[in-house]
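# Architecture at a glance
Take a look at the letters that make up each chain.
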Amino acid sequence: MSQLPSRRHVILKHILVNCILIALLIALGVWCYTQGKTYKLSLGNYAFTGADGQDYPALEAVEVSIDGNEPVFLLEDDSGTGDATGRRHTMLIELLDENDKPIESRTIQFNIADLNDKLDVNVAELWLKAK
Amino acid sequence: MKTMSGGNAVKLFCMRNAVPIVFLVVSAIGIYYSQFTAEYLIQEMLTRLARNSFLVLSLLIPIMAGMGLNFGMVLGAMAGQIGLIFISDWNVAGLYGMTLAALIATPIAILFGWMCGVVLNKARGREMVTSYILGFFMNGVYQLAVLYGFGSLVPIVNPELVLSRGYGIRNVTNLDNIRGTLDNAIEVEIMGIHIPLATFLLIAVFCLFIVWFRRTKLGQDMRATGQDLAVAHSAGIPVMRTRIISIVISTVLAAYGQIIFLQNVGTLNTYNSHEQAGVFAIASLLVGGATVARASILNVFTGVLLFHLMFVVSPMAGKYLVGDAQIGEYFRVFVCYAIISLALVLHAWRRHADKERARAALRGESGGAA
């Protein structure tokens, strides 16, 4: 007949199972936090100097939407805010003509970790990168 | 063995279901006078069923364990609200936010439930009034913590949440981040009526959990404890532990229920939202035909439907009948709380009658007491 497990063994097993459960719940919490955290991005449409030392102008008029959210309309040297939930995002930038009709659109993926502390995004710069 | 005649069976059925029948009749009259369309009423009932059922279902387990109606479920509601305050502060949105709020609320609800269970074990036989007063006591503790602790001891980074003095949470917390996330997770619309399918699926899972739980060893222990404490103790069941577990489960589920409720509402009334959670849930359950000692899943859904039907129709019925919606509202409040009182009085009367009958049976009297 096989021997019954000792009481100490059973208690240790219970503690271990409980610890694993708590660790899993904490991990789930951290995952939910990173996936669900909403960042308020500061969207700007400014002229900038590229890595090649060349100056690039701001876009005339654009509509920017992040992850399919409500689009933000930006004129030259204009700024606005947009919400982004999670770490990785897709931004759709639509260049508009004088009648505010889209003439060209570009999509770019970016990560929150790539942005600065103030979460500033220069749409004109991303437009160029999305080329 | 004597068989019951048809007339007696109907009489017995009416007596046993007197409360739902009265509510059904009053609601039917109310529907007629309120002039609401069927689409509007169906939409309202579906929304309210999804919003409230989870909270009411959380009351079933303590009833099974013989602890009566758990007025202490407001402790769970407080735990849920603390979770929601944190996710609002951290700006965590959607289903992730709801899950995180539930995860934060769980240990708090377990702690509150354990405290409540220990206190109720010391007040055996007076569980309902004790849990009711415990709710008031913990409300004070909650208000102290949220009004003075949050923003000073507990860091709150979102300035929109904090009072202008620099600590304490504002009266109203906006839950825009999670508003309707569960209700709209699976979009279903039939004939212009929006059905919160994801919420109903979650409620269905909870119902299955209750059915499964009743068949487990712990569930059987709870039923035995609920039937007779002394007999269960003699049978080797750790009755005190079982009772504590039932309250802990109920409190944790009430926390989840409050999160589901508030995601539907979309606004957290920081200092008041939890206060009515217990009374409304208990009233719903009693309206559904449950008693202090016996409640089923059917009672939950019947009760939520009838109670909230009365909520919706009575102001308009009052307006069309006597020209003032407020009269209808007064009538609803009067009837709802009268029902709770009646249910509690009936329970006490039945218990007394049962005792008398048992004594009569012991003496060998054939008729028994009333």
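Numbers given for residues are sequential positions, taken from 1 along each chain in its written order. Chain A is the first chain written and ligand 1 is the first ligand written, with later ones labelled in order. With the structure being a predicted model, the display of local features is reserved for residues of pLDDT at least 70 and the display and counting of side-chain atom pairs for 80 or more, all residues being used for whole-chain, interface and lining totals.

### Description of the overall build of chain A
Numbering of helices and strands starts at the N terminus; helices are DSSP runs of H or I of at least 4 residues and strands are runs of E of at least 2. Scanning chain A from N- to C-terminus turns up 2 helices and 9 strands. Beginning at the N terminus, the succession of helices and strands in chain A can be written as α-β-β-β-β-β-β-β-β-β-α. Computed over the C-alpha atoms, the radius of gyration of chain A is 24 Å, more than 25% above the 14 Å expected from 2.2 N^0.38 for a compact globule of 131 residues. Think of it as a crowd count around each C-beta: if 20 or more other C-beta atoms lie within 10 Å the residue is buried, if 12 or fewer it is exposed, and in between it is partly exposed, with C-beta placed from the backbone throughout. Looking at chain A as a whole, 18% of its 131 residues are labelled buried. Residue pairs are scored as contacts if the distance between their C-beta atoms, which are placed from the backbone, is within 7 Å. Considering only intrachain contacts with a sequence separation of at least 6, the fraction spanning at least 24 residues in chain A is 57%. With C-alpha atoms as the basis for the radius of gyration, the globule rule is written as 2.2 Å multiplied by the number of residues raised to the power 0.38.

### Comments concerning the interface of chain B and chain A
Tallying the contact residues gives 11 residues for chain B and 10 residues for chain A. Residues that form the side of chain B that touches chain A fall into these classes: 6 nonpolar, 5 polar and no charged. In this classification, the charged set is Asp, Glu, Lys and Arg, the nonpolar set is Ala, Val, Leu, Ile, Met, Phe, Trp, Tyr, Cys and Pro, and all remaining amino acids, among them Gly, are polar.

### Regarding the nonpolar core
The nonpolar core is taken to be a set of buried Ala, Val, Leu, Ile, Met, Phe, Trp, Tyr and Cys residues joined by way of C-beta atoms within 7 Å. The biggest cluster of nonpolar side chains holds 92 residues, and the ones touching the most others in it are Leu-59, Ala-105 and Ile-259 of chain B. By residue number, the principal contributor to this core is helix α11 (residues 239–265) of chain B, which donates 13 residues. Apart from residues lying up to four places away in sequence, Leu-59 of chain B is in contact with Leu-69, Asn-70, Met-73, Ser-250, Ala-281, Ile-282, Leu-285 and Ala-295 of chain B. Leu-74, Ile-93, Val-123 and Ala-124 of chain A belong to the second-largest nonpolar core, a separate cluster that totals 17 residues.

### Concerning the packing of helix α5 (residues 73–90) of chain B against helix α6 (residues 94–122) of chain B
Residue and element names in this part refer to chain B. Angles shown run from 0 to 180 degrees and are taken between the N-to-C directions of axes, each axis being a line fitted to C-alpha atoms and, for helices, limited to the stretch in contact. In the contact formed by α5 and α6, the axes pass within 7 Å of each other and the chain directions differ by 145°. Between α5 and α6 lies a crossing whose hand is right-handed. For the pair α5 and α6, the contacting residues are Leu-75, Gly-76, Ala-79, Gly-80, Ile-82, Gly-83, Leu-84, Phe-86 and Ile-87 in the first and Gly-97, Leu-100, Ala-101, Ala-102, Ile-104, Ala-105, Ile-108, Ala-109, Phe-112, Gly-113 and Cys-116 in the second. Along the lines of polarity and charge, the residues of the contact of α5 with α6 split into 15 nonpolar, 5 polar and no charged. By definition, any crossing whose near helix is turned counterclockwise from its far helix by less than a right angle is left-handed, and any crossing with a clockwise turn is right-handed.

### Considerations on helix α3 (residues 38–57) of chain B
Residues and elements named next belong to chain B. The span one expects for a helix is its residue count, reduced by one, times 1.5 Å. End to end, α3 covers 27 Å across 20 residues, agreeing with the expected 28 Å (1.5 Å per residue, within 8%). Note that bend, as reported per residue, equals the angle between axes fitted to the 7 residues terminating at that residue and the 7 residues originating from it. Bending of α3 peaks at approximately 35° at the position of Arg-51. Buried within α3 we find Ala-50, Arg-51, Asn-52, Ser-53, Phe-54, Leu-55, Val-56 and Leu-57. Tucked into the core, α3 has its buried residues touching α4 (60–64), β3 (193–196), α8 (197–215), α11, α12 (275–287) and α13 (297–322).

### Topic: the sheet that holds strand β8 (residues 102–111) of chain A
Pairing between the strands of a sheet comes from backbone hydrogen bonds, and it takes one of two forms, parallel or antiparallel. Residues and elements named next belong to chain A. Only strands joined by at least two bridges in the DSSP assignment are considered to pair. The antiparallel open sheet is built from 4 strands, whose spatial order is β5-β4-β7-β8. If you trace the sheet from one side to the other, it starts and ends with β5 (72–75) and β8, each paired once. In this sheet, neighbouring strand axes are inclined to one another by 25° on average, regardless of whether the strands run parallel or antiparallel. Bridging between strand β4 (residues 61–66) and β5 involves 4 bridges; their strand directions are antiparallel. Bridging from a neighbouring strand, Val-62 pairs with Leu-74 of β5.

### Side note on the sheet that holds strand β1 (residues 38–44) of chain A
Residues and elements named next belong to chain A. Across the sheet, which stays open at both edges, the 3 strands sit in the order β6-β1-β9 with mixed pairing between neighbours. Strand pairing shows two members of the sheet lacking a second neighbour, β6 (79–85) and β9 (120–122), which therefore form its edges. With strand direction ignored, the average angle separating the axes of adjacent strands in the sheet is 35°. When β1 meets β6, the two strands line up antiparallel, connected through 7 bridges. Residue pairing for β6: Ser-42 is matched across the bridge by Thr-81.

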